[in-house]
Each structure stands twice: as structure tokens, then as C-alpha cells.
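Given next are the chains, with one letter for each unit.
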Amino acid sequence: TEIVTDEGKLHLASVLEMGSRRIVGFALSAHHDAELAYAALAMAVAVRGGREAITGVILHTDQGSEYTAGRVRAACERLGIRQSMGRPGSALDNAVIESWHSTLEFELRRLERFATKSEARAKVAAWIEEYNHDRRHSALDMLSPIAYERRHATPDNPPEQAA
């Protein structure tokens, strides 16, 4: 999604954990490209505990060139992540992340004006942090994404990797 600032646009790429609705990775850049997608994926891998913790994960995206690029495909292959892509022209395949971006746009973008890219980066990161820790979801028994993950954590699946 695009974040408009007085200094120009930033593009936001987000990785959402479907089980807990937690944003586990995100990146902001002036360019909507494979580097942006790779940065969001790299953050998600780090948050989830590295390669061993994410093997077997499915990354579902649209068929944008940023996700079909060699760098992203190679990273997925190297990490044991299976790529899944929606049908061309079907926004319903990505409804959960599209809904999340819509919420971010309504609550953050439309209510605030960003003078600088630096300000936008800080406010987006803070909003995501608050979302992950405080936002309650009906799909999660009215728990926040982090609280939901903690509830479903097990000894072999600790809270930072749960869900």
C-alpha cells in the first residue's frame, strides 16, 4: 500500500500470519519492487526465529513482479517457504491482508498527514506494534494477535513462533 508524505510516496509491504493475524514482517521503501518484498520477508523470518522455525511456511501473494522476481523466489526456495499466488485479477485471494491494509489506511493514513518519510516510517511502525499487541479480533476470540499466539504456545512452539 502507499503512504503519502510531503516528501513523496513510500510503499509498504506486509507479511501477515494468517493464524494469528499478526504482522510479522513489513518494510517501507520509495520503490515498489522485489527489494521491498524481500525486506518484509526477511523481517518475518527473523521475527519467527530464523530458517528452522519457518520451514514449511506458505507465502501467499498476488502475482506482482515484486513477488515473482528471482530474489524473492530464491529466498523462498532457500528457506523452505512454499510460494502460493492468487489468480490474476482476483483480490479475494488476498482478502485478509487487503482488509488489514484498509484498516491501516483508514486509521493512520486518512487521519494523519506526514511531513517527512521519516515521520511516516516511525508512525507506521508504532501503529503496527500497537496493532499486534492491542488490537482485538473477533476471529481470535477477542484477543490481540500477540495474546492469541501466547495462548496457543506450546513448549516446542514458543510464543514468538506460535500460531
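Here the structure is shown first, and the text comes after it.
Residues numbered from 1 in each chain as written. Predicted model: local features only at pLDDT ≥ 70, side-chain atom pairs only at ≥ 80, totals over all residues. Heavy atoms only, no water.

(A) Broad picture of helix H1 (residues 34-47). If you check H1, its first and last C-alpha atoms are 20 Å apart, about what 14 residues at 1.5 Å a residue would give, namely 20 Å. Where H1 is buried, its residues meet strand S2 (8-17), strand S3 (22-29), helix H2 (51-54), strand S4 (58-61), helix H3 (65-68) and helix H4 (70-79). A side-chain oxygen of the first residue of H1 lies 3.3 Å from the backbone nitrogen of Glu35; this N-cap is Asp33. Two residues or fewer past H1, Gly49 is found with a positive phi of approximately 105°. (Helix = DSSP H or I, 4+ residues; strand = E, 2+ residues; numbered from the N terminus. Expected span 1.5 Å × (residues − 1). Contact = heavy atoms within 4.5 Å. Polar contact = N/O pair within 3.5 Å; in protein donor to acceptor, adjacent residues only side chain to side chain.)

(B) A look at the sheet that holds S3. An order of S1-S2-S3 is seen for the three strands of this open sheet, with the pairing classed as antiparallel. If you trace the sheet from one side to the other, it starts and ends with strand S1 (2-5) and S3, each paired once. Averaged over all pairs of adjacent strands, the angle between their axes in this sheet comes to 25°, without regard to strand direction. In this structure, S1 lies alongside S2, joined through four bridges in antiparallel fashion. When the bridges of S2 are listed, Glu2 appears paired with His11. Sitting on the sheet, helix H5 (residues 95-109) is in contact with S1, S2 and S3, with an inclination near 135° to S2. Contacts from helix H6 (residues 117-134) reach S1, S2 and S3 within the one sheet, and its direction differs from that of S3 by about 175°. (Pairing = 2+ DSSP bridges. Axes fitted to C-alpha atoms, helices over the stretch in contact; angles between N-to-C directions.)

(C) Up close: the packing of aromatic side chains. Following the criterion strictly, the structure yields three aromatic pairs and no others. Ring plane angle 65° and centroid distance 5.7 Å describe the contact between Trp100 and Trp127, whose orientation is recorded as edge-to-face. Pair noted here: Trp100 is in helix H5 and Trp127 is in helix H6, with a separation of 27 residues, a long-range link. Arranged with centres 5.6 Å apart and planes meeting at 20°, the rings of Trp127 and Tyr131 form a pair that is stacked. Taken together, the residues Trp127 and Tyr131, both in helix H6 and four residues apart, mark about one turn of the helix. (Phe/Tyr/Trp six-rings, centres within 6.5 Å; stacked < 30°, edge-to-face > 60°.)

(D) Structural detail: the packing of H5 against H6. Two elements in contact, H5 and H6, have axes separated by 12 Å at closest approach and are oriented at 120°. For the element pair H5 / H6, the angle class is oblique. As H5 packs across H6, the resulting crossing turns out to be right-handed. Residue-level inspection shows Trp100, Thr103, Leu104, Glu107 and Leu108 of H5 in contact with H6, the latter providing Lys123, Val124, Trp127, Ile128 and Tyr131. Tallied by class, residues from the contact of H5 with H6 come to seven nonpolar, one polar and two charged. (Parallel < 35°, antiparallel > 145°, perpendicular 65-115°, else oblique. Left-handed = near helix turned anticlockwise from the far one by under 90°. Nonpolar A, V, L, I, M, F, W, Y, C, P; charged D, E, K, R; others polar.)

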